[in-house]
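Residue-level structure breakdown
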Amino acid sequence: MGDVLAGFHAAWEFDSDSVLIRYERGIRTPKLFQALGERRIPLEAVAGVTLAPGRRGTVVLRIEPRPGADPLMEAAAGQLKDGSDPYRLVLPAERETLAEYYADELRALLTESGPAERHLVSAPDVPLHFKAYDGRASFDGESVSFRWSWTGASSAKWKAGDQSFPVGELCGVEWRSPEVFEGHLRLLHRDEPASSPQADQDPAAVVFGLGYGPVHESLPFAAAVLAAARTTAPVPAVASAAVRRDPADIADRIRHLGELHRAGLVTDEEFSVKKAELLAEL
């Protein structure tokens, strides 16, 4: 087709086998759109196309992705608000006839339906990172790291220490929007037990909060981890080599561990064991 249809906050470029969505970078553009930049949606990832009336004299053209085709939408699990849905193109109502034309053209090209066996839409590029309420999360494409904060992390997470998870050990992610109560990002292990502790007590999870883990940072992060976990072979169980840490960092962590011990949040035995583990990293 080769045509471009521009709407509010985005423009769609139609090709014979895909739709390239380019998002605007403006103060009124949803931050998730700005973070995504642009996305190419193969037609094999599309289940259908809809056109419906919008608000305040607009119409909404929407691509319906096949379940499992897009790691971003799979991670979102239906939690995105309409205004942050990257598959919606909002147009002035007077362009409804034009939008209907493109909707019909797209429908005529669709050949697939039902759940996709693999991700067909590319995940956000790495490296990615964001600041959660109780720590900092980072992903380099091979492993996810959680580094706990002094003020937000629970004693359970401080006892466990900073965490690093190779994607080969993961089978997925659980993302709960920061816009709802108890928002968090949890990493799901291949050998995960039937039940998990609350996110604030789970070393495999970071907790969101007001201003921490916003959608435009934490959702692309979750999608990238999910895509990597689905395409990476399980990591064989091998002994990992000890990693030397900054002595000043170790000293700070031992000092904080001592504070937890004096406050009665860590037992004598837990204090001794964890202190020995920290010293062994020097």
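Residues numbered from 1 in each chain as written. Predicted model: local features only at pLDDT ≥ 70, side-chain atom pairs only at ≥ 80, totals over all residues. Heavy atoms only, no water.

We now examine the overall build of the chain. Across its full length, the chain carries seven helices and 14 strands. For the chain, the spread of C-alpha atoms along the principal axes amounts to about 75 × 40 × 35 Å. Buried residues in the chain amount to 44% of all 282 residues. Look at the contacts in the chain between residues 6 or more apart in sequence, and 59% of them connect residues 24 or more apart. (Helix = DSSP H or I, 4+ residues; strand = E, 2+ residues; numbered from the N terminus. Buried < 20%, exposed > 50% of the residue type's maximum accessible area, 1.4 Å probe, protein only. Contact = heavy atoms within 4.5 Å.)

In this section: helix 7 (residues 268-280). Helix length check: helix 7 (13 residues) gives 18 Å between terminal C-alpha atoms against 18 Å at 1.5 Å per residue, within 8%. Taken together, the buried positions of helix 7 are F271, K274 and L278. The buried residues of helix 7 occupy one face: seen down the axis, they fall within an arc of 80°. Exposed residues on helix 7 whose side chains face more than 90 degrees from its buried face are D268, E269 and A280. (Expected span 1.5 Å × (residues − 1). Arc of directions from axis to C-beta.)

Within this structure, the stated rule accounts for 14 salt bridges. Salt-bridge contacts for E100 lead to R107; the nearest nitrogen and oxygen are separated by 3.5 Å. For E100, a relative accessible area of 31% puts it in the partly exposed group. For R107, a relative accessible area of 33% gives the class partly exposed. Among the charged side chains, a salt-bridge network with shared partners connects E174, R176, R186 and D202. (Salt bridge = Lys/Arg side-chain N within 4 Å of Asp/Glu carboxyl O.)

Further remarks concern the packing of aromatic side chains. For the structure shown, the criterion picks out 11 aromatic pairs. Ring geometry for Y101 and Y102: centres 5.1 Å apart, planes at 70°, overall edge-to-face. Overall, Y101 belongs to the partly exposed group, its relative accessible area being 41%. What makes Y102 buried here is its relative accessible area of 7%. Summarising the aromatic geometry, the rings of F146 and W148 are spaced 5.8 Å apart at their centres and angled 50° between planes, so their arrangement reads as tilted. For F146, a relative accessible area of 1% translates into the label buried. An aromatic cluster is defined as three or more aromatic residues linked by ring pairs; in this entry it consists of W12, F14, Y101 and Y102. (Phe/Tyr/Trp six-rings, centres within 6.5 Å; stacked < 30°, edge-to-face > 60°.)

With antiparallel pairing, the three strands of this open sheet are ordered in space as 12-13-14. On the outer flanks of this sheet lie strand 12 (170-176) and strand 14 (205-207), each paired with one strand and no other. Strand-to-strand twist across the sheet, computed as the mean angle between neighbouring axes with direction ignored, equals 10°. As paired elements, strand 12 and strand 13 (residues 184-189) share six bridges and run antiparallel to each other. In the strand pairing of strand 13, R176 is matched with H184. Relative to the sheet, helix 5 (residues 215-231) contacts strand 12 and strand 13, its axis offset from that of strand 12 by approximately 160°. (Pairing = 2+ DSSP bridges. Axes fitted to C-alpha atoms, helices over the stretch in contact; angles between N-to-C directions.)

With that out of the way, let us pick up the nonpolar core. Considering soluble globular proteins, one finds that nonpolar side chains tend to be buried as a cluster. Core analysis: the largest hydrophobic core is formed by 66 residues, its most contacted members being L61, L185, L219 and F221. With 10 residues, the top contributor of residues to this core is helix 5. Residues in contact with L61, not counting those within four places in the same chain, are L5, W12, V49, T50, L51, Y87, R88, L89, L91, A99 and A103. Membership of the second largest hydrophobic core comes to five residues, among which are I250, L257, F271 and L278. (Core = buried A, V, L, I, M, F, W, Y, C linked by side-chain atoms within 4.5 Å.)

This next bit is on the pairing of strand 3 (residues 18-23). The buried fraction of strand 3 is high, at five of six residues. Note: strand 2 (residues 10-14) against strand 3, five bridges, orientation antiparallel. Each residue of the ladder has a partner; that of A10, found in strand 3, is Y23. Hairpin remark: strand 2 followed by strand 3, antiparallel, with three residues in the connecting loop. The pairing of strand 3 with strand 4 (residues 38-42) spans five bridges and is antiparallel. What sits directly across from I21, in strand 4, is R39.

Turning our eyes to something else, we now look at the environment of R95. Residue position: R95 is located in the loop between strand 7 (88-92) and helix 3 (96-109). Under the relative-accessibility criterion, R95 is labelled partly exposed at 28%. The spacing of R95 and G7 is 88 residues in sequence and 9.6 Å in space, taken between C-alpha atoms. Contacts of R95, omitting those with residues within four sequence positions, involve L5 and A6. Within the structure, the side chain of R95 is placed 2.9 Å from the backbone oxygen of A6, a separation counted as a polar contact. (Polar contact = N/O pair within 3.5 Å; in protein donor to acceptor, adjacent residues only side chain to side chain.)

Everything listed here is a matter of geometry and, on its own, says nothing about what the molecule does.
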